[in-house]
Amino acid sequence: MSDPILSHHQGGDSSSGGDPSVSIDASVRLPVLMLFGNALHWLLIGSLISLIASIKLSFPGFLSGVSFLGYGRLVEMARDLFLYGWASQAAIAAGIWLMARFCERPLGGVILRTLITSAVVLWNLAVLLGTLAIMAGYSTGIEWLEYPGWASAILLISFLLIGIWVVCLFDRRAGAASGARAEAALWYLVAGFCCFPWVYGTANLLLVWKPIAASAQGAVQGWFCNGFLLLWLLPVSLGALYGLLPRLHGRHLSHRNLAPLGFWLLILLGGWSGLGRLIGGPIPAWMCSAGIVAGVMLLIPVLIAVINLSASGRGSTSGPCVAAGFLGSGLSLLLAAAILGACLSLPGVSAFARFTSLTASGDLLWLFGAVSFPLFGVLYLAIPPMLGRDGWHRTLSDLHYWLAFSGLCLMSALLVLDGLVAGLALLDPVVSFLNITSFMQPFHVLECAVWLFLLLPSALIVTVHFTGALASGFLFPKK
Amino acid sequence: MHRLPTLLTGILLVFLTSWSGVVAYSALELGRLTPVPDADSGASLPPNLRGDAIAGQRVYASEGCIACHSQQVRQTSVTGTDIARGWGARPSVARDYLRDSSAFLGSVRLGQDLSNVGVRRPDAAWHYRHLYAPSLECEGSVMPSFRHLFQVCKIQGERSTEALDLQGADAPKPGYEVVPTAEAKNLVAYLLSLRQDYPLPEAPLKNGAKGAAK
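Residues numbered from 1 in each chain as written. Chains lettered and ligands numbered in written order. Predicted model: local features only at pLDDT ≥ 70, side-chain atom pairs only at ≥ 80, totals over all residues. Heavy atoms only, no water.

Undergrad: When you look at the interface of chain B and chain A in this model, what are you seeing that I'm missing?
TA: The figure often quoted for interface size is the accessible area lost as the parts come together. In this complex, chain B contributes 72 residues to the contact, which on the side of chain A involves 83 residues. When chain B packs against chain A, close to 6,400 Å² is buried across both sides, 68% of that on carbon and sulfur atoms. When the buried surface of chain B facing chain A is broken down by residue, His 2, Phe 15 and Arg 85 of chain B rank first, second and third, together holding 12% of it. Our count for the chain B to chain A interface comes out at one salt bridge. Among the ionic pairs, Arg 73 of chain A bridges to Glu 63 of chain B, the shortest N-O distance being 2.9 Å. Summed over the shared surface of chain B and chain A, the result is 21 residue pairs in polar contact (both at pLDDT 80 or more). The element best represented in the side of chain B that touches chain A is helix H1 (residues 4–28) of chain B, accounting for 19 residues. Residue classes in the side of chain B that touches chain A are distributed as 38 nonpolar, 25 polar and nine charged. (Contact = heavy atoms within 4.5 Å. Buried area = accessible area lost by both parts, 1.4 Å probe. Salt bridge = Lys/Arg side-chain N within 4 Å of Asp/Glu carboxyl O. Polar contact = N/O pair within 3.5 Å; in protein donor to acceptor, adjacent residues only side chain to side chain. Helix = DSSP H or I, 4+ residues; strand = E, 2+ residues; numbered from the N terminus. Nonpolar A, V, L, I, M, F, W, Y, C, P; charged D, E, K, R; others polar.)

Undergrad: Which parts of the structure should I look at to understand the packing of helix H5 (residues 184–209) of chain A against helix H7 (residues 259–272) of chain A?
TA: Between two packed helices, the angle of one axis relative to the other and the distance separating the axes together describe the packing. Residue and element names in this part refer to chain A. Running from N to C, H5 and H7 point in directions that differ by 10°, and their axes come no closer than 10 Å. As summarised for this structure, H5 and H7 are arranged roughly parallel, according to the angle between their axes. Contacts between H5 and H7 involve Ala 184, Trp 187, Tyr 188 and Ala 191 from the former and Ala 259, Pro 260, Gly 262, Phe 263, Leu 266 and Ile 267 from the latter. (Axes fitted to C-alpha atoms, helices over the stretch in contact; angles between N-to-C directions. Parallel < 35°, antiparallel > 145°, perpendicular 65-115°, else oblique.)

Undergrad: What is the right way to read the environment of Gln 71 of chain B from this model?
TA: Relative to the assigned elements, Gln 71 of chain B resides in the loop between helix H2 (51–62) and helix H3 (81–84). For the pair formed by Gln 71 of chain B and Leu 105 of chain B, sequence separation is 34 residues and the distance between their alpha carbons is 4.7 Å.

Undergrad: Can you walk me through the pairing of strand E4 (residues 176–180) of chain B in this structure?
TA: Consecutive side chains along a regular strand alternate between the two faces of the sheet. Residues and elements named next belong to chain B. Across the five residues that make up E4, a large majority, four, are buried. Relative to E4, strand E3 (residues 150–154) runs antiparallel, the two sharing five bridges. Counted as the bridge partner of Lys 154 is Tyr 176 from E4. (Buried < 20%, exposed > 50% of the residue type's maximum accessible area, 1.4 Å probe, protein only. Pairing = 2+ DSSP bridges.)

Undergrad: Mind showing me how you'd approach the pattern of salt bridges here?
TA: As a working rule, side chains carrying opposite charge can pair if their charged atoms are close by. Residue and element names in this part refer to chain A. Counted under the stated rule, the structure contains 16 salt bridges over all chains. We note a salt bridge from Arg 101 to Asp 25, for which the minimum N-O separation is 3.0 Å. Note that Arg 101 is positioned in helix H2 (residues 71–103) and Asp 25 in helix H1 (residues 20–58), a separation of 76 residues in sequence. Residue Arg 101 is classed as buried on the basis of its relative accessible area, which comes to 1%. Its relative accessible area of 5% is what places Asp 25 among the buried residues.

Undergrad: Explanation requested: the packing of aromatic side chains in the structure shown.
TA: Each pair of aromatic rings is reported with the distance of its centres and the angle of its planes. Tallied over the entire structure, the rule returns 39 aromatic pairs over all chains. Aromatic side chains Phe 326 of chain A and Phe 376 of chain A sit 5.2 Å apart centroid to centroid with 35° between the ring planes, which places their arrangement in the tilted category. A residue pair is termed long-range when its members are at least 10 positions apart, and Phe 326 of chain A in helix H10 (residues 322–344) and Phe 376 of chain A in helix H12 (residues 357–386) qualify at 50 residues. Between Phe 326 of chain A and Tyr 401 of chain A, the aromatic rings sit 5.2 Å apart at their centres with planes inclined by 90°, giving edge-to-face as the arrangement. In this pair, Phe 326 of chain A is assigned in helix H10 and Tyr 401 of chain A in helix H13 (residues 394–427), connecting sequence segments 75 residues apart. Tyr 401 of chain A gets classed as buried once you look at its relative accessible area, which sits at 11%. Taken together, the ring pairs in this structure connect Tyr 84, Trp 123, Tyr 147, Phe 159, Phe 193, Phe 196, Tyr 200, Phe 224, Phe 228 and Trp 232 of chain A into an aromatic cluster. In this structure, Arg 90 of chain B is placed above the aromatic ring of Tyr 198 of chain B, and the distance from its NZ or CZ to the ring centre is 5.0 Å. Above the ring of Tyr 176 of chain B, the side-chain terminus of Lys 173 of chain B is found at 5.1 Å from the ring centroid. (Phe/Tyr/Trp six-rings, centres within 6.5 Å; stacked < 30°, edge-to-face > 60°. Lys NZ or Arg CZ within 6 Å of the ring centre and 35° of its normal.)

The analysis is restricted to geometry; functional conclusions fall outside its scope.
The structure is reproduced here in structure tokens:
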């Protein structure tokens, strides 16, 4: 039986004429290529803005006095580009492609395709206008929700136009009518696509569109951050890991009876763990405790995912492709992110780690490690066949993988070190704040260098995809 | 878990726990806190904000101040360092934010905590000079300059009373003066309004701590 995912990549063993994956790919080709292509562009632009912000932090005189290039605005622009331009968009693309392939159902109908394609255009328009609005000083000032209300409304609407179809596909999958088991990857994809509108809609409603009293906003905002990471982005990347890793290595899930427990625990704890961002803050004490417990317990679903998948990642001898590299590292980075997250939720650690780069390193590992690496894996599997290629140039792909992986490791190590030093110094009230600031400057200069380094993998993958799309005639179809 | 309705119901119910526990509880309980009367003066606490301070919150949001500054003094059960650093006389509680349109709690401290900056720095002139050229007031500060919130004007007749007292490299050309725009005035009014130096039932001030946050 030909596998619904890998039939393109094991070219020989699938019958060439009636391969259903060809028609499935053809049906989702336009939205998936647009989503992934734009996501890569936003990733590059976000990295560039982060670099400028980082230079401004090290050398406050750089581009000084230009209102729309203020440090605060740049940081917000870059973060939202990473969240909404890159990660969310790549997750939507991965979700569409994985769901269609797993369910073995093409995206039917011209109207539906036009609708989804317009939703993709709308999404990118909202990201562009939201970014420009922050630049022009219309930020809401709420972390992770800086886009003005109208931009976030467009994002939500365009997501709904795509997401409903993805969720419905679950029931139309091959074998669904006869009550066949749905694999774990599908639960995660459905959960992610269900949670996004709920998490994003609730947070925007209560914080941006019709703000509740500010005394209640802190907890909602913390809940949103982790809900966005762990209930929307992470389930999609776990869907990719659960669906692809065992297939790539030709194995089954080990201890698969644990998988449902991991799934439900993640959905349960994802939102609660957001309160761990506010330990000691102006929320009731029981909320802090709930955040601490959830943050530590989050290790359980992650460990279950690692147990389920690690045996399938071991001892792959069939020359793993670069996608397998990204997916495998994604799993390791997921474990690293969960361990760091659990440590940061401990009150003793939070006492010095909160408000330092340690928090940033935690978010970096979730967003760029646990989420982005599996998404890159999907990208490497999905895009080349759609552009009529077997794969990208092997050396360039490997180079991208190593640059991205080493850049991320460097950045997280640097941020952890920065956070430890600053956090421990802040604990001692005798050391003045300005002293700490000047002591931390070398770290900030190093961070500039790593941001510069991180531009390389982004620029490389954008170039590779752009030239690939040009060569295939996707961008400028030959008449 | 193999039929869509079952799976969706399960996700809905499990998701509802954190949604109701965190979001609904916050909106219904924390959001309905009310100001309390001050035992001494009879005024309501937290104090009402002036109109220009409310407008200043908009400037605070649009300049992205939250990227570097937090506005919360943590509970002493977690760490005493915030109070020891002089960032407040008591921990912040939810009721403190009742008058704000947005709670700018913040998650980064590249700069100092601002929950009591109005107590620490009660002088508007200090804030204007600091916003215009941070290194004038804090040698070695990495805060960016907010010159775009100021105007350089030709002195017409007498020097404006609002003009900044600047010397050296930061001073304007002779015959010119630097005056704050309305945005800068609102922002400074907001910064001066940031003070949690009053007692609340759930966050009393220790004896003699009133006004001690320096």
